[in-house]
Amino acid sequence: MKIHKTRFFGYAALFSIATMTLSNSVRADESMPTTLKEAFAGKFMIGATVNGWMLRDSEHPSLAIVTEQFDCITTANALKWGSFNPKPNEYRFQTPDRFVSFAKDNDITNIGHVLFWHSQTPNWVYEDAEGNTLTREALLARMRQRARLLAKLYGDDIKIWDVVNEAIEEDGSLRKTKFNEIIGDDFIEQAFKIAAEELPADAVLLYNDYGMTKEGRRNTVVAMINDFKSRGIRIDGIGVQGHWSMHRPTLESIDETMTAFAETGASIHVTEFDVDYLGRDAYFGANVDAQMLKANSKNNPYPDGNYPPKADKELADRYEELFGVLLKHSNSIDRVTFWGVTDRDSWLNNFPVRGRTNYPLLIDRKGNYKPALERVVKLASEYGK
Ligand code: GLA
């Protein structure tokens, strides 16, 4: 039996991840899948994001969970412009290199996140050596250079790319960013043209955004896909981030959104799935520019991570209903990826409330599989039988 020390998780006890099995109810039928990737096989890929700190340690417990449960991984930060190329001519290859070799060694598909995003892109990108704002042509050339380098380094290994992230507002208008301030309103189109020309011909090119169930944004995305297709501009799929909470969005709006996206013929990827168990006061989505709140006893009720059994049940119920809708659209959905492996890695511990102890994923902060994971495995295994 393989035992993983919990030093990373900060607990004294030892626990086993690789040999952890699901409860008897799920295992009653011995032929029944016990892991997410087995349960979803033939429906869609199931994945998680992997961080640099996990990849630095080959014995990291989260990696054992990844190889057991998931068949694809996304780079959480390492390929973002600011992480990969923080200064002119300064590149950080180490984490992306580890990422592709970990995937290769374990027969896992890897996903590139993200070519062009207004956030986590350093200011130098938009400026020349004297600090003057670049011209449209110069910025497009810089974008092309980035895509060309990534294709040269990782083109054989990364075949699915978030090309543009979060460029459309909730009301459907174009987000005002440095990219479209300099390039103009055809920034998204230019980005996809560059990606199509520089990345391998078999790469899957996605437009990725949050709050996709909002009508304004959803309609603009549908119109954009149809427009690009009619003009021969390659765009292969839609990344629905899926940063959802316990009550929003409604199942109906997710169902409608998936139907609308499927009608475009684009492949659908749920790219950053999690359920914000503690909730958000003001809005939902993943607007990383939103103002942060401070943790207090109201918005951080379980600071020591001891969630009551009621939380397990509520989260399992919510995941079951959400996956019910996703499975219904499994002909159009090619992948569902969680943002993080365990609750410990989740960005929702710091957003929109800094420093709270959240409970959003299928695996808890000690590395234990939650009842929600069992429920999802059971649902997917039985689906369509
Ligand atoms: C957005 C981005 C991701 C990540 C998450 C939260 O959704 O696309 O890269 O930053 O926010 O961490």
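Residues numbered from 1 in each chain as written. Predicted model: local features only at pLDDT ≥ 70, side-chain atom pairs only at ≥ 80, totals over all residues. Heavy atoms only, no water.

**Considering the side chain of Glu-68**
For clarity, the threshold we go by: Helix numbers and strand numbers start at the N terminus; a helix is a DSSP run of H or I with at least 4 residues, a strand a run of E with at least 2. For every residue, the accessible area obtained with a 1.4 Å probe (protein chains only) is divided by the maximum for its type, and the residue is called buried under 20%, exposed over 50%, and partly exposed between those limits. For the charge count, each Lys or Arg is scored as positive and each Asp or Glu as negative, with His and the chain ends excluded. Salt-bridge detection follows one rule: a side-chain nitrogen of Lys or Arg within 4 Å of a carboxyl oxygen of Asp or Glu. Any N or O atom pair separated by 3.5 Å or less is treated as a polar contact, with the protein-specific requirement of one donor-capable and one acceptor-capable atom, and with residues adjacent in sequence counted only for side-chain atom pairs.
Note on placement: Glu-68 falls in helix H4 (residues 61-69). As a buried residue without a salt bridge, Glu-68 has its nearest oppositely charged side chain in Lys-37, at a separation of 8.3 Å. For Glu-68, the side chain forms a polar contact with the side chain of Tyr-369, separated by 2.8 Å.

**Topic: the packing of aromatic side chains**
Defined as follows: Note on aromatic pairs: the rings of Phe, Tyr and Trp (six-membered ring only in Trp) are paired at centre separations within 6.5 Å, and the planes decide the class, stacked below 30 degrees, edge-to-face beyond 60, tilted for the rest. Criterion for a charge above a ring: Arg CZ or Lys NZ at most 6 Å from the ring centre, at most 35 degrees from the ring normal.
If you walk through the whole model with that rule in mind, you get 24 aromatic pairs. Aromatic pair Trp-81 and Phe-116: ring centres 6.2 Å apart, planes at 50°, arrangement tilted. Linking Trp-81 in helix H5 (residues 81-84) with Phe-116 in strand E3 (residues 109-117), this pair joins segments that are 35 residues apart in sequence. On the basis of relative accessibility, which here comes to 0%, the residue Phe-116 falls in the buried class. Above the plane of the ring of Tyr-210 lies Arg-217, whose end atom (NZ or CZ) is 4.7 Å from the centre. The ring of Tyr-359 has Lys-370 sitting right over it, with the charged end atom 3.5 Å from the ring centre.

**Digging into the site of the ligand**
Here is the rule: The criterion for a residue being near a molecule or strand is simple. One of its heavy atoms has to lie within 4 Å of it. Reported accessibility uses the Shrake-Rupley method at a 1.4 Å probe radius. Residues are deemed covered only where the shown protein chains occlude them. Polar here means any residue outside two lists: the nonpolar Ala, Val, Leu, Ile, Met, Phe, Trp, Tyr, Cys and Pro, and the charged Asp, Glu, Lys and Arg; Gly therefore counts as polar.
Close to the ligand lie 13 residues, the nearest being Lys-80, His-113, Asn-165, Gln-241 and Glu-272. Between the ligand and His-113, the relevant distance is 2.5 Å, taken from an oxygen atom to a side-chain nitrogen or oxygen of the residue. About the coverage of the ligand: the protein hides 93% of its 300 Å² of free accessible area. When grouped by side-chain class, the residues that make up the shell around the ligand number five nonpolar, five polar and three charged.

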